[in-house]
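# Inside the fold
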Amino acid sequence: MGAPVCLEYRIEGNDYMEAGSASNNIKNTLKMLGINSDVCRRAAVVLYEAEMNLVIHAGGGTLKALISEDRVDLYAIDEGPGIPDIEKAMTAGFTTASDHAREMGFGAGMGLPNIKRNSDEFDIKSEQGKGTTVQSTIFFTK
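Summarised in this report is the structure supplied together with it. Since we're looking at a predicted model, the values are computed, not measured.

Enumeration over the complete set of coordinates arrives at seven salt bridges. Across the salt bridge formed by Arg10 and Glu12, the nearest N and O atoms sit 3.6 Å from each other. Exposure remark for Glu12: the relative accessible area of 43% places this residue in the partly exposed category. For Asp120, the salt bridge is made with Arg42, and the minimal N-O distance between the two is 2.9 Å. Note that Asp120 is positioned in the loop between α5 (111-117) and β4 (121-127) and Arg42 in helix α2 (residues 37-56), a separation of 78 residues in sequence.

Structure follows, in structure tokens:
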């Protein structure tokens, strides 16, 4: 592949019309690069869940993919309110999504658990009032 490929998208908060387009673009780039379909599927799940978290909870942020020879590193970075209790946020079904988001079918509380489950390496850092960074790595071969 040569030099790493870096893709970066600005995600707007509460923009449900565009939500999912950045994750879809990155998934399509992975496919065009000939990356294994299982990796593409897992990356698509991670990216979509992260992108929706930026839209629903964080007031927007940055979705980034760094594609190298042996892996893809995915980042969701925001300057939102932060997560007060990461352990609770990692619990399947726990949500702080607004009624509006839930009425549209989002915010079921599976985002962070799905990101972790589809990652080979996962990290989340959050600070109240400063924002959250979610990092996921998926290796091309295990």
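After presenting the structure, the write-up continues.
So, on to the sheet that holds strand β3 (residues 71-77). The five strands are arranged β1-β2-β3-β5-β4 in an open sheet whose pairing can be described as antiparallel. Since the sheet does not close on itself, it has two edges, and those belong to β1 (5-12) and β4, each with one partner. This sheet shows a mean twist of 10° between the axes of neighbouring strands, independent of strand direction. As defined by bridge partners, β4 adjoins strand β5 (residues 131-139) across seven bridges and the pair is classed as antiparallel.

What follows concerns the nonpolar core. Counting 35 residues, the largest nonpolar core has Leu30, Leu63, Val72, Leu74, Leu112 and Ile138 as the members making the most contacts within it. Taken together, the elements giving at least two residues each to this core come down to β1, α1 (21-32), α2, β2 (60-67), β3, α5 and β5. In terms of residue count, α2 provides more of this core than any other element does, 10 residues in total. Ile138 has contacts with Val39, Arg42, Ala43, Val46, Asp70, Arg71, Val72, Leu74, Asn118, Ser119 and Asp120, leaving out every residue within four places of it along the chain.

Rules of the game
Residues numbered from 1 in each chain as written. Predicted model: local features only at pLDDT ≥ 70, side-chain atom pairs only at ≥ 80, totals over all residues. Heavy atoms only, no water. Salt bridge = Lys/Arg side-chain N within 4 Å of Asp/Glu carboxyl O. Buried < 20%, exposed > 50% of the residue type's maximum accessible area, 1.4 Å probe, protein only. Helix = DSSP H or I, 4+ residues; strand = E, 2+ residues; numbered from the N terminus. Pairing = 2+ DSSP bridges. Axes fitted to C-alpha atoms, helices over the stretch in contact; angles between N-to-C directions. Core = buried A, V, L, I, M, F, W, Y, C linked by side-chain atoms within 4.5 Å. Contact = heavy atoms within 4.5 Å.

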